[in-house]
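Given next are the chains, with one letter for each unit.
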Number of protein chains: 2
Amino acid sequence: MTRFFVTPEELNAQQPVLTGENANHARVLRLKAGEEVLLCDGEGSECLCTVADMGAGEVVLNVIRRMDSQNEAAVRVSIYMAFPKADKLEHVIQKATELGAYEIVAFPSSRCVSRPDEKSLGKKLERWQKIAASAAEQSGRGLVPKVLTLPSYAAALDRASKADKAILFYENEQATTLRMALEEGNARSFSLLTGPEGGLDVKEVEQAAKAGLSVCTLGKRILRCETAPLCALSAVMYASGEF
Amino acid sequence: MTRFFVTPEELNAQQPVLTGENANHARVLRLKAGEEVLLCDGEGSECLCTVADMGAGEVVLNVIRRMDSQNEAAVRVSIYMAFPKADKLEHVIQKATELGAYEIVAFPSSRCVSRPDEKSLGKKLERWQKIAASAAEQSGRGLVPKVLTLPSYAAALDRASKADKAILFYENEQATTLRMALEEGNARSFSLLTGPEGGLDVKEVEQAAKAGLSVCTLGKRILRCETAPLCALSAVMYASGEF
């Protein structure tokens, strides 16, 4: 069944209408009256419809059923990633979206080689959000993860620590495994924090522990900064019973 | 401590000697007599040494202790991936190596868009093996995963099925989770098989089930062909107690 991303307002209309690119896409697909389509608002709501009328430039739909998205994870996992070089952040946004992340938060840390300046940040956020939207569409998600940036490491710790379970992955940690951190409780929201290319500073790790984050290992092998968050996300999704 | 990759013969010498690029690297690092270095043969054996003599063009070492690599996973996970487009296979080789894969096996399947011809395969394998070696070095592994190709899907199933636990991931499977497949026994070797960009054909999935592979889901979201093997590998490493 074809899925269309629309605004929440369009989705909530009594008789939803596809316009613009969506209408073009429907015509390319040669949808016919009576065919079923699924509308998603990118915020977790979906609406199953049938095509009522293939008009010129717009497609009028009839609502069959409104529902929550069926493809979202039962847990909310937020990825907190220290700014890596540009292409790596884009890679993580795309892959973390596929893997079901709730949001992706980038922030500066002391060893970040790359951090976007204020000026270019607006355009970059727009680009990053588009990457998330495109990956969400391709992977069949009903929610487009928000991509956001924070101005400081302290702000990242503060926000991350509000999840049921907040974890920082550190290559020099050996004793505490992710498994130990996950076994402690029945968390429904997670913050997974990882460092930049040069790793986190030991003082930053101590600061995170003080802020309430669990400091964990991802195993004996050193992972690149773009691999660590995706490995951790995959493991948390597995541990949460997603697959 | 600095690690040097050497041949098994060099590692097994009574008094190992660094030559060529390794000797250059030692000079750049300004190693001094008495300093400890670690030799790895890329096949899982290591040798802790001290520098005996920084010669011109070679570095003579004294053996302290020979041992198995400390950074290898307790389980052997083989990645079986249907040929994707070139850059994706390289991506998977690099990341799977970081994540601790034992070997990476590429093979053709019916919907493969891209498959290397016989002529170019030799050069490609050489390139792929270099990517694995470089990723193994960076992530601190003692074993360089072998990259190999098989001539047919049937050959891939046959080889994959010889692991303690062989699993095929299929986007239309909903009932059987990876967790179910892993709970069945105390496997020490795994084959994880995933399809190309267009997915596996339903007949290929049936053929795999007949060959003894478990058919599992990786969750409700559709993963790209380069994301699926890395997600599965991360989860298996987690489930095996690696982190």
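1. Some points on the relation of the copies chain A and chain B
Take chain A, turn it by 180 degrees, move it 0.0 Å along the axis, and it overlays chain B with an RMSD of 0.1 Å. This pairing of chains is accounted for by a two-fold axis. Across chain A, the smallest distance between a C-alpha and the rotation axis is recorded for Ala235 of chain A, namely 2.4 Å. Here 100% of the contact residues of chain A are again contact residues in chain B; the copies associate through an equivalent surface.

2. Some words on helix α2 (residues 20-28) of chain A
All names here are of chain A. When we look at burial in α2, the residues that qualify are Asn22, Ala23 and Ala26. Axial view of α2: buried residues confined to an arc of 100 degrees, hence all on one face. Turned more than 90 degrees away from the buried face of α2, the exposed residues are Glu21 and Val28. In the core, the buried residues of α2 are packed alongside β1 (2-5), β2 (17-18), β4 (45-54) and β5 (59-68). Of the residues flanking the end of α2, it is Arg30, one or two places downstream, whose phi is positive at about 55 degrees.

3. A closer look at the side chain of Ser139 of chain A
In this structure, Ser139 of chain A sits in helix α4 (residues 118-139). When near neighbours in sequence (up to four residues on either side) are disregarded, Ser139 of chain A contacts Thr97 and Glu98 of chain A together with Arg221 and Ile222 of chain B.

4. Side note on the interface of chain A and chain B
If you look at the interface, chain A gives 37 residues, while chain B gives 37 residues. If you sort the residues of chain A by the area they bury against chain B, Arg221, Tyr238 and Phe243 of chain A come out on top, with a joint share of 25%. Applying the counting criterion to the chain A and chain B interface returns 6 salt bridges. Here Glu226 of chain A and Lys95 of chain B are joined by a salt bridge, their closest N and O atoms 2.7 Å apart. On inspection of chain A and its partner chain B, the count reaches 22 residue pairs in polar contact (both at pLDDT 80 or more). Every element with two or more residues in the side of chain A that touches chain B is listed here: α3 (86-98), α4, α6 (178-183) and α8 (228-239) of chain A. With 6 residues, the top contributor of residues to the side of chain A that touches chain B is α8 of chain A. Of the residues assigned to the side of chain A that touches chain B, the class counts are 13 nonpolar, 14 polar and 10 charged.

Criteria and thresholds
- Starting from 1, residues in each chain are numbered consecutively following that chain's sequence as written.
- Chain A is the first chain written and ligand 1 is the first ligand written, with later ones labelled in order.
- Local features in this predicted model are restricted to residues whose pLDDT is 70 or higher, and side-chain atom pairs enter the listing and the counts only when it is 80 or higher, whereas totals over whole chains, interfaces and linings include all residues.
- No hydrogens and no water enter the side-chain calculation; it runs on all heavy atoms of the structure.
- Copies are brought into register by a least-squares superposition over C-alpha atoms of residues with pLDDT of at least 70 in both.
- We call two residues in contact whenever any of their non-hydrogen atoms come within 4.5 Å of each other.
- We call a residue buried when its accessible area falls under 20% of the maximum for its residue type, exposed when it is over 50%, and partly exposed in between, using a 1.4 Å probe and counting protein chains only.
- Runs of E in the DSSP output that reach at least two residues are strands. Runs of H or I that reach at least four are helices, and both are numbered from the N terminus.
- Think of it as the arc spanned by the lines of direction from the helix axis to the C-beta atoms.
- Accessible-area loss on putting two parts together, using a 1.4 Å probe and summing over both, is the definition of buried area adopted here.
- A side-chain nitrogen of Lys or Arg and a carboxyl oxygen of Asp or Glu constitute a salt bridge if their distance falls within 4 Å.
- Any pair of N or O atoms that falls within 3.5 Å is considered a polar contact. Within protein, one atom must be able to donate a hydrogen and the other to accept it, and sequence-neighbouring residues count only if both atoms are side-chain atoms.
- Residue classes follow a fixed rule: Ala, Val, Leu, Ile, Met, Phe, Trp, Tyr, Cys and Pro count as nonpolar, while Asp, Glu, Lys and Arg count as charged, and any other residue, Gly among them, counts as polar.

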